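Reading the structure
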Amino acid sequence: MKRVYYGWLVCAAATLLIFITMGTVSNGFSVYLPFIQAQRGLTHAQTSSLVTLRCLVAFVAMVVIGWYYKVFSIRVGTVIAAGCAGAAFFLYSVAGDYRTFCIGAAVSGLSYGFGSMIPVSILMARWFVRHRALALSICATGSGIATIVLPPVTTRLVEGLSMAAAFRIEAVFIFAAAALIFLLLRNDPAEKGLSPYGQEPRPENAPGGEAAPVRSFSLTPKMWVLMFLVSLTMGGLANPGFSHLSVLFTSEGFSAMTVAVLISGTGLMITVGKLLYGGATDRVGGRTSSLLFGAVLLAGHVLCCLAFLGSAPLAVVTVACLGVGYPIATIGPSVWAGDMASPDNYPKVVRRLQVVYAGGALLFASVPGILADRAGGSYIPAYILFSCFLALTLLFIALAYRENGKRSHRI
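Keep in mind that what you see is a predicted model, and the values were worked out from it rather than measured.

Our focus in this paragraph is the layout of surface pockets. Where empty space is left in the structure can be found by rolling a water-sized probe over the atoms. Approximately 230 Å³ is the volume attributed to the largest pocket. The wall of the largest pocket is formed by 13 residues, among which Ala133, Thr281, Val335, Gly338 and Asp339 lie closest to the centre. Breaking the lining of the largest pocket down by element, the ones donating at least two residues are α8 (132-160), α12 (256-284) and α16 (332-340). Per-element accounting of the lining of the largest pocket gives the leading share, 4 residues, to α16.

Put into structure tokens, the structure is as follows:
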């Protein structure tokens, strides 16, 4: 009987990691925002500032992540990151004021910054040559699965027990999951006596049997500018944009349980969308798949602007489009780095794009709350702004790939 390649178990552990560091910390936490605001008396701006603080700490963590993973192996470093998520939820459980929630948000930012797609992208690059985009997309479904499971569970726990109890239960789960990640994860195939999945023998056409040199290249200055703008905007869309969906629908008159179901539905479609995006990228390439899924994401943001109609069927279509489109924001930087840089430059490029992505999340984090305070509590102006930025982002992706094509002919 043929044994399952161990890299798929690493992929499963990385999926659980993303469930924690992105799913619970970001997507799952968004469900708590209306409860925190109502039960602790926070303003719209203060509620948004918790997202801002998390994004700020995550950004700083991503800036120093190169140093972090020199001190710790990926296996140890990611487990520490997961543990930070558990600590954050414990702090939320005992928080009685705004300041304690801020401390929890800061700790959760460490989890997001050190434990999300940067180490996972590097791990998948080490373990997979073939089906790398699919492996990445499977890992990224962790946040989508969290978005399916957590909203209804969290809402029932808060309404049936208390908000503090819900936070404590999640903290216990996170610590247990972190232990499982440590048991399964391995830094590279060599630790299991394996080679990367799908690796072909390198041609030996040099005297003495030496392998032919691999050409090294990275992004051109023009490509860096374009992808900087793309990653910056995607950070705002996938973090503050998603995190404020719950308050968007709540402020437009949808019930708490309806909002929970909508957010859960978004998670289901995110999970499906990530698998579709990974498969499509392996088949048609990063350019075509990014533009296609980006167009669906744009449609979802435009539909968000119609939330004031209070239509449940329209809300279902909205979250379906958002869920299918969101994968380009989370997986996109890893795909773009793989398409536009040589393997030796891949870790550096993906790290820089993810740092800019985190910077975008930080830049836009308080925008929805600030605009809502000025618009009588409506979050629709924020989604009008996001729709405009996303349309420009798709143009920048197309231009970056066109420049990449020109550069490929030159080298």
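This part takes up the environment of Val356. Among the secondary structure elements, Val356 is positioned in helix α17 (residues 346-364). Exposure remark for Val356: the relative accessible area of 14% places this residue in the buried category. Distance from Val356 to Ala329, taken between C-alpha atoms, is 12 Å for residues 27 residues apart in sequence. Among residues more than four places away in sequence, those in contact with Val356 are Phe228, Ser231 and Leu232.

This part is about the packing of helix α1 (residues 7-28) against helix α7 (residues 117-127). At a closest axis distance of 10 Å, the pairing of α1 and α7 adopts a crossing angle of 175°. On the basis of the axis angle, α1 is roughly antiparallel to α7. Judged by residue contacts, Gly7, Val10, Cys11, Ala14, Leu17, Ile18 and Met22 of α1 engage Met117, Val120, Met124 and Trp127 from α7. Each residue belonging to the contact of α1 with α7 can be placed in one class, and the counts come to 10 nonpolar, 1 polar and no charged.

Attention shifts here to empty space enclosed by the protein. In the structure shown here, the tally under the stated rule is 4 cavities of 30 Å³ or more. The calculated volume of the largest cavity comes to roughly 100 Å³. Among the elements of the structure, α1, α10 (221-243) and α12 are those that each provide at least two residues to the lining of the largest cavity. Considering only residue class, the lining of the largest cavity consists of 7 nonpolar, 5 polar and 1 charged.

Here we take up α7. A large share of α7 lies buried, amounting to 9 of its 11 residues. Buried residues of α7: Met117, Ile118, Pro119, Val120, Ser121, Ile122, Leu123, Met124 and Trp127, and no others.

Turning our attention to a nonpolar patch on the surface. A surface patch of nonpolar side chains, amounting to about 410 Å² of accessible area, comprises Val76, Ile80, Leu180, Phe182 and Leu183. Here Ile80 lies in helix α5 (residues 74-94). Using a relative accessible area of 34% as the deciding quantity, one classes Ile80 as partly exposed.

Rules behind the numbers
- Residues numbered from 1 in each chain as written.
- Predicted model: local features only at pLDDT ≥ 70, side-chain atom pairs only at ≥ 80, totals over all residues.
- Heavy atoms only, no water.
- 1 Å grid on protein atoms, 1.4 Å probe; cavity = no way out; pocket = protein on both sides within 12 Å on 5 of 7 lines; lining within 4 Å.
- Points joined across faces, edges and corners; volume = space filled by probe spheres on them.
- Helix = DSSP H or I, 4+ residues; strand = E, 2+ residues; numbered from the N terminus.
- Buried < 20%, exposed > 50% of the residue type's maximum accessible area, 1.4 Å probe, protein only.
- Contact = heavy atoms within 4.5 Å.
- Axes fitted to C-alpha atoms, helices over the stretch in contact; angles between N-to-C directions.
- Parallel < 35°, antiparallel > 145°, perpendicular 65-115°, else oblique.
- Nonpolar A, V, L, I, M, F, W, Y, C, P; charged D, E, K, R; others polar.
- Patch = residues over 30% accessible without salt bridge, like charges linked within 9 Å, V, L, I, M, F, W, Y side chains within 5 Å.
- Areas by Shrake-Rupley, 256 points an atom, 1.4 Å probe, with all protein chains shown as cover.
- Salt bridge = Lys/Arg side-chain N within 4 Å of Asp/Glu carboxyl O.

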